[in-house]
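For reference, the chains in residue letters:
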Amino acid sequence: MATLDPHLQSIYEVVLRRNHGEQEFHQAVFEVFESLAPVVRKHPEYADNQVLERLCEPERQVIFRVPWVNDAGEVEINRGFRVEYSSVLGPFKGGLRFHPSVNLGIIKFLGFEQIFKNALTGLPIGGGKGGSDFDPKGRSEREIMAFCQSFMTELYRHIGEYTDVPAGDIGVGGREIGYLFGQYKRITNRYESSVLTGKGLGWGGSRVRKEATGYGTVFFADEMLRARGDSLDGKRVAVSGSGNVAIYAAEKAQELGGTVVACSDSGGFVIDSAGLDVTLLKHVKEVRRERISAYAAQRGSATYVAGGSVWDVDCDVALPCATQNELGEDAAIRLIKNGVTLVAEGANMPATPSAIRALLGAGVLFAPGKAANAGGVATSALEMQQNASRDSWTSEYTEARLGTIMRGIHERCAGAADEFGSPGNYVVGANTSSFVQIADAIIALGVI
Ligand code: NDP
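Residues numbered from 1 in each chain as written. Predicted model: local features only at pLDDT ≥ 70, side-chain atom pairs only at ≥ 80, totals over all residues. Heavy atoms only, no water.

A word on the environment of Asp222
- Relative to the assigned elements, Asp222 resides in helix α9 (residues 209-226).
- When the C-alpha positions of Asp222 and Ala253 are compared, they lie 8.8 Å apart, and in sequence the two are 31 residues distant.
- In this structure Asp222 touches Ser231, Leu232 and Leu256, once residues within four positions along its chain are discounted. (Helix = DSSP H or I, 4+ residues; strand = E, 2+ residues; numbered from the N terminus. Contact = heavy atoms within 4.5 Å.)

Some thoughts on a nonpolar patch on the surface
- A contiguous nonpolar surface patch, about 280 Å² in accessible area, is contributed by Val69, Val75 and Ile77.
- Here Val75 falls in the exposed class, since its relative accessible area comes to 60%. (Patch = residues over 30% accessible without salt bridge, like charges linked within 9 Å, V, L, I, M, F, W, Y side chains within 5 Å. Areas by Shrake-Rupley, 256 points an atom, 1.4 Å probe, with all protein chains shown as cover. Salt bridge = Lys/Arg side-chain N within 4 Å of Asp/Glu carboxyl O. Buried < 20%, exposed > 50% of the residue type's maximum accessible area, 1.4 Å probe, protein only.)

Focus on α9
- Given a rise of 1.5 Å per residue, 18 residues ought to cover 26 Å, and the 25 Å separating the end C-alpha atoms of α9 matches this to within 8%.
- Maximum bend of α9: about 30°, positioned at Tyr215. (Expected span 1.5 Å × (residues − 1). Bend = angle between axes of the 7 residues up to and from the residue.)

Things to note about the site of the ligand
- Taken together, 24 residues lie near the ligand, and Asp169, Thr213, Ser266, Arg291 and Asn348 sit nearest.
- Asn244 is positioned with one of its backbone polar atoms (N or O) 2.9 Å from an oxygen atom of the ligand.
- Here the ligand has 890 Å² of accessible area as a free molecule, and 83% of this is covered by the chains.
- Going through the elements one at a time, α9 and α10 (244-255) are the ones with two or more residues in the shell around the ligand. (Near = heavy atom within 4 Å. Polar contact = N/O pair within 3.5 Å; in protein donor to acceptor, adjacent residues only side chain to side chain.)

What to know about the packing of aromatic side chains
- Counted under the stated rule, the structure contains 20 aromatic pairs.
- With 5.1 Å between their ring centres and 90° between their planes, Phe98 and Phe147 make a pair best called edge-to-face. Placement of the pair is Phe98 in strand β3 (residues 92-98) and Phe147 in helix α7 (residues 141-155), with a sequence separation of 49 residues.
- On the basis of relative accessibility, which here comes to 0%, the residue Phe147 falls in the buried class.
- Ring centres of Phe181 and Trp203 lie 5.8 Å apart, and the angle between their planes is 20°; on these two criteria the pair is classed as stacked. A residue pair is termed long-range when its members are at least 10 positions apart, and Phe181 in helix α8 (residues 174-188) and Trp203 in the loop between α8 and α9 qualify at 22 residues.
- Phe181 sits in the buried class, given a relative accessible area of 3%.
- One aromatic cluster is present, built from ring pairs that chain together Phe64, Trp68, Phe98, Phe134, Phe147 and Phe151.
- The ring centre of Phe25 lies 5.0 Å from the NZ or CZ of Lys108, which sits over that ring. (Phe/Tyr/Trp six-rings, centres within 6.5 Å; stacked < 30°, edge-to-face > 60°. Lys NZ or Arg CZ within 6 Å of the ring centre and 35° of its normal.)

Some words on the pattern of salt bridges
- This structure, assessed with the given rule, holds 29 salt bridges.
- Here Glu113 and Lys370 are joined by a salt bridge, their closest N and O atoms 3.4 Å apart. Pair noted here: Glu113 is in helix α6 (residues 104-120) and Lys370 is in helix α15 (residues 369-372), with a separation of 257 residues, a long-range link.
- When its relative accessible area of 4% is taken as the criterion, Glu113 is described as buried.
- Notably, a salt bridge pairs Arg299 with Asp277, separated by 3.9 Å at the nearest N-O pair. Taken together, the positions of Arg299 in the loop between α12 (292-297) and β9 (302-306) and Asp277 in the loop between β8 (268-272) and α11 (278-287) put the pair 22 residues apart, joining distant regions of the chain.
- Since its relative accessible area comes to 26%, Asp277 is described here as partly exposed.
- Salt bridges sharing common partners tie together Glu76, Arg139 and Glu143.

Here it is in structure tokens:
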């Protein structure tokens, strides 16, 4: 494990003590702190004002019971979370995750990452995250609706367009946002469109929001290559996951000339030598809600491999788009051996710290999720703008705005990496440029 400078180490030890057992949160804090030594040297006012100590403590953490009735007539109890992490730059903003692995440490790590990501977009949004240990897999439509309604029956008192604006994440897509929004509307008797983002196009949603995280990740990767006189054209791309982020990353990578040779789910992976048929993949996953094995069964050029790792597939570009810590050091070494030249994180913290060190050490271009996947939340902020002005933009205009935002993030990261002595290192660039913006705002707003 890398070491921290002594000032940062002492704060990190307090984080470990005060947040016992929350490994993912510790990891997210450590990864940011690793980049900050030159920043705290240049800005002594951050230490004088305890900026880091304040940033490591969420403004508010809500944990609640979610009781609901399943199709067998039995009562089930889940746990709901909302961590309202930081509102110095705007209302708390970040998705809701429904997955059995969800616990407070995971929501806190996601909320912490979200503050930096949202700052990088240059838009006025703070950071938050929420969710539940509810497992939507195999549930009926009625059960999903009952769960969402019960979840919102508690959550509604904590959120609002000027307070906290949730969106989707793993296990929460357009269907769930619909049920959550419906219940919020019913309880409050207000059509408060921008209390949630990721809404359907017919009732306040933004064009390109569904596609934005995946598209944005590919725009960012493309920008990294362009800065080096290269492009995605002709590159073999491997994507992990086959959910919202993965599908639209695959779609945009192929539009820009890449061939997406593999994708996965938690059961296994698919190799498709002809390049993924994204229309078929969308039908299997979004319409029929089936596993990727069903995609392979309907596609002659594809093979399904149960278990195993998608990172065994030969590729030039790897886009981890599934979940945290899904790309470990061994997988990174295999990717390097197989010739990978660029890894861009569509998911949040999918590469472990040792995997990142291996990739950077081998000269692989690496984009951290807080920069590369920021297109999703940025387009959520565009959805809030459209809701506030009672307007609806075209796909072309919205996608062009997304492209401009991703180029801006790339420029900010590259500039900060230069300024803080690590040219070409997007991890340092993303952490330092966002941290400076947040730290200055924390000082400007006083001790609150
Ligand atoms: P989805 O629920 O749509 O898809 C998740 C995909 O990842 C599924 O294919 C799922 O497979 C796979 N997956 C989940 N957990 C695991 C696991 N433990 N091992 C292997 N595969 C797994 O989620 P999203 O696409 O929305 O989110 C993916 C990632 O992107 C997350 O890290 C999320 O935080 C991040 N993200 C999402 C944004 C968004 O706008 N949606 C914005 C920014 C980041 P299976 O079906 O088998 O579980």
